[in-house]
Amino acid sequence: MTDVLNPSTGETIAAVAGHTVESTQDAIGRAADAFQRWKATAPAERAELLRAFARAVDADIEHLARLEVAEAGHTIGNARGEAANVRDVLNYYAGGVERHLGDQIPVAGGIDVTFNDPLGVVGIIVPWNFPMPIAGWGFAPALAAGNTVVLKPAELTPLTAIRLGELAVEAGIPVDVFQVLPGAGSTVGQAFTDDPRVAKIVFTGSTSVGEKILAESAKTMKRTTLELGGKSANIVFADADLEQAAATAPYGVFDNAGQDCCARSRILVEDSVFDRFLELLEPAVKGVRVTDPSQEDAEMGPLISAGHLASVRSFLDGVDVAFTGDAPSGAGYWLAPSVVLPKSPQDRIVTEEVFGPVVTVQRFREESEAIAMANDSQYGLSGSIWTRDIGRGLRAARGVESGALSVNSHAAVRYSTPFGGFKRSGIGRELGPHAMDSFTEMKNVFIATD
Ligand code: TAP
């Protein structure tokens, strides 16, 4: 049994039995059997079952949200939005089941058509930072495309995933089509990667584990979608609405206590407005309400664990902290939002993913330098650009090597638009209109008519 702790208090809230390698292999075997039936389900029926699942999630939003506040320390407002996101993603891909079209291609001597065949069993490995949405971004399109799913939540945050598994069954999703298997990454996750019956792995988490999964998946030629780390830039040009850019910058990085692969954790500010921007940023950071995440007005909660808090704190050793916000003291894993002025672009705090409520602010002199600084990273997941010049906004958005950029906004992930990273931020795209393609093999069939 593994204890699940409330990160706001450090208290144990549940104990969850983890799967073994053997019980994981049994579950994969049942998922492989269920695949034969699920892929043969009539499209309209599969779509209706996913809509029923969405309705079950909708009816359970408050319960799911309270679980997420308790196990992950998410603010109650965010947690409700995350449960609603699972519902919305299920509905979105339910709408895709009957619209996942193939092609008819002009050829001589017959007709040529393509089919989107499901892959089989899909293994989804989920991290602790957004336990519900990240699970849904994988299982909704996977199920819609006709695959069965085995899903491993993070050991730190298994409770909402377990509940989603129950809701699927209550909604009528056939047995073994969607199984949630709590347990350790080195046991359950590794068993997914090792098993030749698993056709695809969807992994979200650290770049180091992602690299391992990619290498090991090659042995059985598994398809992979990897969503890994980030070190995204928030570029503020001198012609931007500075008040708006400064007021929103804290929420672009400190949301979910900075435990967000899309966190805009490097603010790059044009030299001529650097000092003014910092003057505006300070009250905005101090205004972030860091408190008990179950309170309706909470804007930031604790970090996920004592170990992670120590890891994030280690980035603050020996750096120049310009100013901080507030955080509760006492029990729980709290850290005040912190703004750092790095000494060099090579500082660890500039180059490595901190995954906590810490942001650096650096200056640039011209557009080309801003883009070069944004791209001076092994990662390329997200980013923001603030300017009133639409041409510059578009040039910068095209120039930054990142998968999901926003101009005059910190919007990152919408279920109707593609999401994923360049460079070492990952492989493949989740969400958006084409996500079901990555859960199918395209089959080409030629039928002679002559
Ligand atoms: P990881 O170790 O990468 O964990 C992510 C998931 O992978 C968890 O479910 C984990 O299981 C599982 N896992 C671990 N080893 C595995 C293996 N050998 N085979 C298959 N699955 C395995 O991340 P973490 O330790 O939680 O966080 C470390 C750092 O990763 C963070 O500080 C942050 O920088 C980054 N991170 C990034 C993201 C995103 S969204 N890109 C999310 C979380 C963390 P367990 O239950 O055993 O942990």
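As shown above, the structure is provided for reference.
Residues numbered from 1 in each chain as written. Predicted model: local features only at pLDDT ≥ 70, side-chain atom pairs only at ≥ 80, totals over all residues. Heavy atoms only, no water.

Student: Run through the pattern of salt bridges, naming residues and quoting values.
Tutor: Scanning all chains against the criterion turns up 27 salt bridges. K443 is the salt-bridge partner of D117, the closest N and O atoms lying 2.7 Å from each other. Of this pair, D117 sits in strand 4 (residues 110-118) while K443 sits in strand 20 (residues 440-448), placing them 326 residues apart in sequence. According to the relative accessible area criterion, D117 is partly exposed, its value standing at 23%. (Salt bridge = Lys/Arg side-chain N within 4 Å of Asp/Glu carboxyl O. Helix = DSSP H or I, 4+ residues; strand = E, 2+ residues; numbered from the N terminus. Buried < 20%, exposed > 50% of the residue type's maximum accessible area, 1.4 Å probe, protein only.)

Student: With reference to specific residues and values, describe the side chain of R266.
Tutor: Mapped onto the fold, R266 is located in strand 11 (residues 266-270). As a buried residue without a salt bridge, R266 has its nearest oppositely charged side chain in D376, at a separation of 6.3 Å. From its side chain, R266 meets the backbone oxygen of A374 in a polar contact 2.8 Å long. Among residues more than four places away in sequence, those in contact with R266 are K231, S232, A233, N234, V350, V359, T360, Q362, M373, A374, D376 and S377. (Lys, Arg positive; Asp, Glu negative; His and termini not counted. Polar contact = N/O pair within 3.5 Å; in protein donor to acceptor, adjacent residues only side chain to side chain. Contact = heavy atoms within 4.5 Å.)

Student: Outline the sheet that holds strand 20, supporting the account with residue identities and numerical values.
Tutor: The pairing of strands in a sheet comes from backbone hydrogen bonds and takes either a parallel or an antiparallel form. Pairing within the open sheet is antiparallel, and its 3 strands lie in the order 3-4-20. Lying at the two open borders of the sheet, with one neighbouring strand each, are strand 3 (104-105) and strand 20. Pairing of strand 4 with strand 20 involves 9 bridges; the strand directions are antiparallel. Counted as the bridge partner of T114 is N444 from strand 20. (Pairing = 2+ DSSP bridges.)

Student: Describe the pairing of strand 17 (residues 404-407), listing the residues and the values that go with them.
Tutor: Alternating residues of strand 17 divide into A404 and S406, all buried, and L405 and V407, none buried. Two strands pair when backbone bridges link them, and strand 16 (residues 382-386) and strand 17 are joined in this way by 4 bridges, in the parallel orientation. Counted as the bridge partner of S382 is A404 from strand 17. Once the chain exits strand 16 it traverses helix 14 (residues 390-399) before rejoining the sheet at strand 17, and the crossover so formed is right-handed. (Right-handed = clockwise from strand over helix to strand, strands pointing away.)

Student: Report on unusual backbone geometry, specifying residues and quantitative values.
Tutor: Located in the positive-phi region is D176, a residue other than glycine, with phi close to 75 degrees. Mapped onto the fold, D176 is located in the loop between helix 6 (159-170) and strand 7 (178-180). Not every positive phi belongs to a glycine, and A257 is a case in point at roughly 55 degrees. Along the polypeptide, A257 turns up in the loop between helix 9 (242-254) and strand 11.

The values reported here are purely geometric and, on their own, carry no functional implication.
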